[in-house]
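Descriptive structure summary
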Amino acid sequence: MSDSEDSQLEARLAEQEVFEPPESFVEQANVSDPAIYEEFEDDWPACWERAADLLDWETEYDEVLVDDDEPFYEWFTGGELNASANCLDRHLDSRGDELAIQWEGELGETRAYTYEELHREVNEFAAALRDLGVEEDDVVTMYMPMIPELPVAMLACARIGAPHSVVFAGFSADALATRMNSAESEYLVTCDGYYRRGDGLDHLSKANEGLGGVDHETTTVVVDRLGDELEHELGADQIDYDELVADHEGAAVEPVTRDAEDMLFLMYTSGTTGQPKGVKHTTGGYLSYVSWTSHAVLDVKPEDTYWCSADIGWITGHSYIVYGPLALGTTSVMYEGTPDYPDKDRMWDIVESYGVNQLYTAPTAIRAFMKWGSEYPEQHDLSSLRLLGTVGEPINPKAWKWYYKHIGDESCPVVDTWWQTETGGMMITTLPGIGTMKPGTAGPPLPGIDAQVVDTEGAEVEPGEAGYVTVNKPWPGMLRTLYKNDERFLEEYWQEYSDEGEDEWVYFPEDGAKIDDDGYITILGRVDDVINVSGHRLGTMEVESAIVGVEGVAEAAVVGGDHDLKGEAVYAYVILEDGYEESEEMSDRIIEGVEDAIGPIARPEQVIFTPELPKTRSGKIMRRLLEDIANGEELGNTSTLRNPEIVEDIERKVSGD
Ligand code: WT7
């Protein structure tokens with residue numbers, strides 16, 4: 001293409017507001033009949049049988065939805081199944097020799113598991129876990145990077161009915177300990193280390209440090225990922241993964257029959273308070289829901305090679321690297337490393353090498369690709385791609401169009417999928433074979449999902465006005481409760497908009513949004529004290545308590561400020577105790593304190609020392625104002641503050657004047 005043709009194209013794209021799904025895609029789409037929206041509405045909740053039908057059930061369920069004890073809903077009550085049997089065993093006859101997992105390590109080494117091979121290793125590890133004493137309903141924690149043993153361990157747990165709790169490998173030792181204590185988890189699967197930008201990174205020391213903070217006895221399995229690169233010693237209660245698996249070579253473990261409502265896993269996520277929330281997902285509802293959305297939204301077919309570039313340590317990886325794709329019998333690609341190692345074309349090299357058909361990634365990654373330039377994707381043949389997806393944070397129209405053009409060659413639909421750890425799977429997005437796409441706007445709620453945008457009273461807002469997202473009917477993938485904390489579950493999600501007297505139960509995801517007159521929803525971001533850094537959720541309270549834990553810190557307030565690549569970044573306003581000096585050293589100690597307590601993702605972008613925080617007359621910290629300062633925005637009236645004089649002082653510090 002000539003330069004002038006190219007710039008003409010850019011200009012046209014920049015103006016275009018709506019995009020139709022490509023005909024070639026629609027023709028082959030798993031779901032392409034617009035009638036599906038009406039069918040689901042008319043036939044609710046029986047419509048969800050379609051999701052359950054994607055699975056093999058040992059015992060058919062008696063009822064699709066039981067709502068006797070709202071909002072403690074039950075889905076597919078009476079049904080029995082096993083998630084590992086659904087992700088593995090049932091594919092053996094037809095697809096045993098096809099790839100289940102195509103893994104690539106950061107150094108370029110590859111490992112591929114056919115369904116047969118994955119089934120074998122899952123059985124062996126399941127037998128090993130049992131021998132270690134793991135019983136049905138024991139929570140097994142995993143603290144692992146993107147290596148194949150992670151999905152193996154998850155599926156092995158599912159096979160024996162032991163819920164897993166995966167802790168993101170980038171989280172700190174403290175975070176691991178908090179989660180293991182909260183779940184009373186006595187088993188840990190971890191590894192010696194992994195690669196980042198070509199260097200072997202010690203992970204086991206961090207795991208051991210975390211284990212030091214666990215207040216009960218534990219048994220740990222350690223995968224040897226780095227071999228000779230990193231010598232490691234095992235403690236008395238630690239066992240080598242390879243040895244364990246070798247000791248159980250050829251073992252067959254009958255999948256345990258699980259009730260539809262039995263817990264499949266726990267996933268900790270950040271909330272408003274400092275304590276992370278243990279989100280509980282179930283076997284029947286969750287697995288049906290992620291299978292259905294993988295089928296309907298990601299258009300996954302068994303013969304596809306599908307790639308979700310998230311980390312399995314987050315819900316996206318659970319739902320759309322492991323459970324959804326494997327339940328449908330497809331090939332799921334897993335990549336260990338960073339997108340710019342050894343060079344900025346790494347992602348496109350992977351797409352080309354394996355012939356990836358669907359790519360599901362995050363806006364923060366797309367913004368980085370944009371910044372690096374289109375010459376990197378242009379070095380590769382990306383014509384295998386059929387669908388593109390994004391998740392985790394709002395995507396601006398410019399990034400959407402760049403993705404559509406430079407990665408999708410204007411021939412792949414882009415699905416901008418809004419959902420959360422708590423929803424289990426996607427909730428708001430266009431269906432790629434049906435819906436007109438509007439860049440920047442996630443789209444309408446999926447069929448069967450009753451999402452609205454309302455004002456503080458719960459009344460639907462006018463098109464174009466800002467409001468709050470609510471979900472007014474339950475769905476199979478929803479969280480069932482917060483682990484051992486029904487009270488917090490009710491408080492966090494159901495209190496705001498439900499009318500208990502009227503028996504009306506409304507789920508509140510704590511996101512702001514606006515709705516267009518065609519029913520398309522644009523997500524505006526969190527309305528609670530949670531910030532979204534590179535698509536990862538962080539509680540401001542968690543970061544604040546980490547900072548206050550640093551010697552010399554008296555008080556801290558943390559807010560999210562806009563950031564080109566990360567979406568939002570952490571800004572920390574800190575008051576020091578008397579006798580401590582504002583210095584670079586102090587700032588470094590604070591940053592270190594945050595990394596130790598949570599992990600590098602929570603690292604403050606800027607630490608701003610101040611003698612006081614702007615407070616209202618009633619003593620509440622004005623976070624909004626601190627956000628505006630971080631963003632360099634015009635500040636409104638500050639005269640209602642108790643200490644307006646402090647504002648200018650802080651502003652000066654942030655801008656570095
Ligand atoms: C929060 C959930 C969903 C898995 C990854 C994050 C934000 C998510 C979108 C989107 C705008 C989005 C919301 C949500 N979010 N997807 N497509 N557009 N915002 O899961 O850590 O539970 O975070 O991420 O604010 O509440 P999570």
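Note that the structure is a prediction, hence the values are computed from the model and not measured. (Residues numbered from 1 in each chain as written. Predicted model: local features only at pLDDT ≥ 70, side-chain atom pairs only at ≥ 80, totals over all residues. Heavy atoms only, no water.)

Focus: the overall build of the protein chain
For clarity, the threshold we go by: Segments assigned H or I by DSSP are reported as helices when at least four residues long, segments assigned E as strands when at least two residues long, and all are numbered from the N terminus. Between the two quantities, the radius of gyration covers C-alpha atoms and the globule rule is 2.2 Å times the number of residues to the power 0.38. A contact between two residues is defined here by any heavy atoms of the two lying within 4.5 Å. Each accessible area is a Shrake-Rupley result for a 1.4 Å probe, and residues are judged covered by the shown protein chains and nothing else.
Within the protein chain, the secondary structure is distributed over 22 helices and 29 strands. A compact globule built from 657 residues would reach a C-alpha radius of gyration of about 26 Å, and the protein chain, at 25 Å, matches this within 12%. When the backbone C-alpha atoms are referred to their principal axes, the protein chain occupies close to 75 × 65 × 60 Å. Across the protein chain, contacts joining residues at least 24 apart in sequence account for 71% of those joining residues at least 6 apart. Accessible surface, the protein chain as shown: approximately 25,500 Å² in total, 41% of it carbon and sulfur.

Things to note about the sheet that holds strand 16 (residues 305-308)
Let me state the cut-off plainly: Only strands that DSSP links by at least two bridges are regarded as paired with each other. Axis lines are fitted through C-alpha atoms, for helices just across the contact stretch, and the angle between N-to-C directions can take any value from 0 to 180 degrees.
Reading across from one edge, 5-4-17-16-18-19-20 is the order of the seven strands in this open sheet, with mixed pairing throughout. A strand with exactly one partner marks an edge of an open sheet, and here the two such strands are strand 5 (110-114) and strand 20 (414-417). Across the sheet, the mean angle separating the axes of adjacent strands is 15 degrees when strand polarity is ignored. Pairing of strand 16 with strand 18 (residues 358-361) involves three bridges; the strand directions are parallel. The residue of strand 18 that forms the bridge with C308 is Y360.

Points about the domain arrangement of the protein chain
Heads up, the rule is: Reported domain spans reflect what an automatic or database domain assignment gives. Buried area counts how much accessible surface, traced with a 1.4 Å probe, disappears from two parts once they are put together, with both parts' losses summed. The working definition used for a salt bridge is a side-chain nitrogen of Lys or Arg within 4 Å of a carboxyl oxygen of Asp or Glu.
On domain assignment, one finds that the protein chain holds domain 1 (114-256) and domain 2 (534-655). Listed per partner, the contact involves seven residues of domain 1 and eight residues of domain 2. For the domain 1 and domain 2 pair, buried surface summed over both sides reaches about 450 Å², with 55% attributable to carbon and sulfur atoms. At the junction of domain 1 with domain 2, the criterion picks out zero salt bridges.

Remarks on the pairing of strand 21 (residues 451-454)
Which entries qualify depends on this criterion: Throughout, exposure labels follow a simple rule: accessible area from a 1.4 Å probe, protein chains only, divided by the maximum for the residue type, with under 20% read as buried, over 50% as exposed, and the rest as partly exposed.
The alternating pattern of strand 21 places A451 and V453 and Q452 and V454 on opposite faces, both of which are buried. One ladder, built from four bridges, connects strand 21 with strand 22 (residues 466-471); its direction is antiparallel. Directly across from A451, in strand 22, lies its bridge partner V471.

Some thoughts on helix 22 (residues 645-655)
For clarity, the cut-off: To be clear, the arc concerns the directions from the helix axis to the C-beta atoms.
Every buried residue belonging to helix 22 is among I646, V647, I650 and V654, and all of these are buried. Along the axis of helix 22, the buried positions cluster into a sector of 100 degrees, meaning they face one direction only. Projecting away from the buried face of helix 22 at angles above 90 degrees are the exposed residues E645 and E648. Of the surrounding elements, those touching the buried residues of helix 22 are strand 28 (567-576), strand 29 (606-609) and helix 21 (623-630).

Observations regarding the pairing of strand 20
Convention followed: Handedness rule for crossovers: strands pointing away from the viewer, path from the first strand over the helix to the second running clockwise, crossover right-handed.
Of the two faces of strand 20, the one carrying V414 and D416 and the one carrying V415 and T417 are both buried. The pairing of strand 19 (residues 387-391) with strand 20 spans four bridges and is classified as parallel. Bridge pairing in strand 20 places V391 opposite T417. Following the chain from strand 19 across helix 17 (residues 397-407) to the adjacent parallel strand 20, one finds a crossover that is right-handed.

Focus on helix 21
In terms of residue burial, helix 21 counts as a mostly covered element, since six of its eight residues are buried. Those residues of helix 21 that sit buried are R623, L625, L626, D628, I629 and A630. The inward-facing, buried residues of helix 21 abut helix 19 (540-548), strand 27 (553-563), strand 28 and helix 22. A positive backbone phi angle near 65 degrees is found at G632, which sits one or two residues after helix 21.

Points about the packing of helix 21 against helix 22
The condition that has to hold: Crossing handedness is defined as follows: a turn of the near helix away from the far one that is anticlockwise and smaller than a right angle gives a left-handed crossing, while the clockwise case is right-handed. Only Asp, Glu, Lys and Arg are considered charged in this grouping, and only Ala, Val, Leu, Ile, Met, Phe, Trp, Tyr, Cys and Pro are considered nonpolar; every other residue, Gly among them, is considered polar.
One way to put it is that helix 21 packs onto helix 22 with a least axis distance of 9 Å and a crossing angle of 35 degrees. The way helix 21 lies across helix 22 gives a crossing that is right-handed. Residues L625, L626, I629 and A630 of helix 21 form the contact with helix 22, whose own contacting residues are V647, I650, E651 and V654. Class assignment for the residues of the contact of helix 21 with helix 22 results in seven nonpolar, no polar and one charged.

Some details on the side chain of T540
By the element assignment, T540 lies in helix 19. Among all residues touching T540, those that are not within four sequence positions of it are D529, I531, V558 and R623.

Notes on the sheet that holds strand 7 (residues 164-166)
The seven strands lie next to each other as 12-11-8-6-7-14-15, forming an open sheet whose pairing is mixed. A single partner strand is all that each edge strand has here, and the edge strands are strand 12 (238-240) and strand 15 (277-282). Ignoring which end each strand starts from, the neighbouring axes of this sheet average 25 degrees apart. Pairing geometry for strand 6 (residues 140-143) and strand 7, over three bridges, is parallel. Along strand 7, the bridge assignment pairs T141 with S165. Here helix 8 (residues 149-160) sits on the sheet and contacts strand 6, strand 7, strand 8 (187-191), strand 11 (219-223) and strand 14 (263-269); the angle it forms with strand 6, its principal contact strand, is near 170 degrees. Together, strand 7, strand 14 and strand 15 form the strand contacts of helix 13 (residues 315-327), whose direction differs from that of strand 14 by roughly 145 degrees.

Regarding the environment of S639
For S639, the location among the structural elements is in the loop between helix 21 and helix 22. Overall, the relative accessible area of 45% leaves S639 in the partly exposed class. Measuring from C-alpha to C-alpha, the distance between S639 and L385 comes to 56 Å, with 254 residues separating the pair along the chain.

Here we look at the nonpolar core
Note the following rule: By nonpolar core we mean a set of buried residues, namely Ala, Val, Leu, Ile, Met, Phe, Trp, Tyr and Cys, connected to one another through side-chain atoms within 4.5 Å.
Judged by nonpolar contacts, the single largest core of 117 residues is most densely connected at W48, L118, F125, M142 and Y323. Here Y323 is in contact with A83, C87, M154, L155, A158, H164, L264, F265, Y286, L287, V290 and H318, once residues within four sequence places are set aside.

Some details on the site of the ligand
What counts is decided by this rule: We call a residue near a molecule or strand whenever a single non-hydrogen atom of that residue lies within 4 Å of it. Polar contact is defined as a pair of N or O atoms within 3.5 Å, subject to the rule that within protein one atom must be able to donate a hydrogen and the other to accept it, and that residues adjacent in sequence are counted only when both atoms are side-chain atoms.
Close to the ligand lie 17 residues, the nearest being D416, T417, T421, D511 and R537. T417 places a polar main-chain atom, nitrogen or oxygen, 2.8 Å from a nitrogen atom of the ligand. Within the side chain of D511, one N or O atom sits 2.6 Å away from an oxygen atom of the ligand. Relative to its unbound accessible surface of 550 Å², the ligand loses 96% to contact with the protein. Of the residues contributing to the shell around the ligand, the split by class is six nonpolar, six polar and five charged.

Overview of the side chain of S374
Residue position: S374 is located in the loop between helix 15 (363-372) and helix 16 (375-378). Beyond its immediate sequence surroundings of up to four residues, S374 is in contact with W402 and H406.

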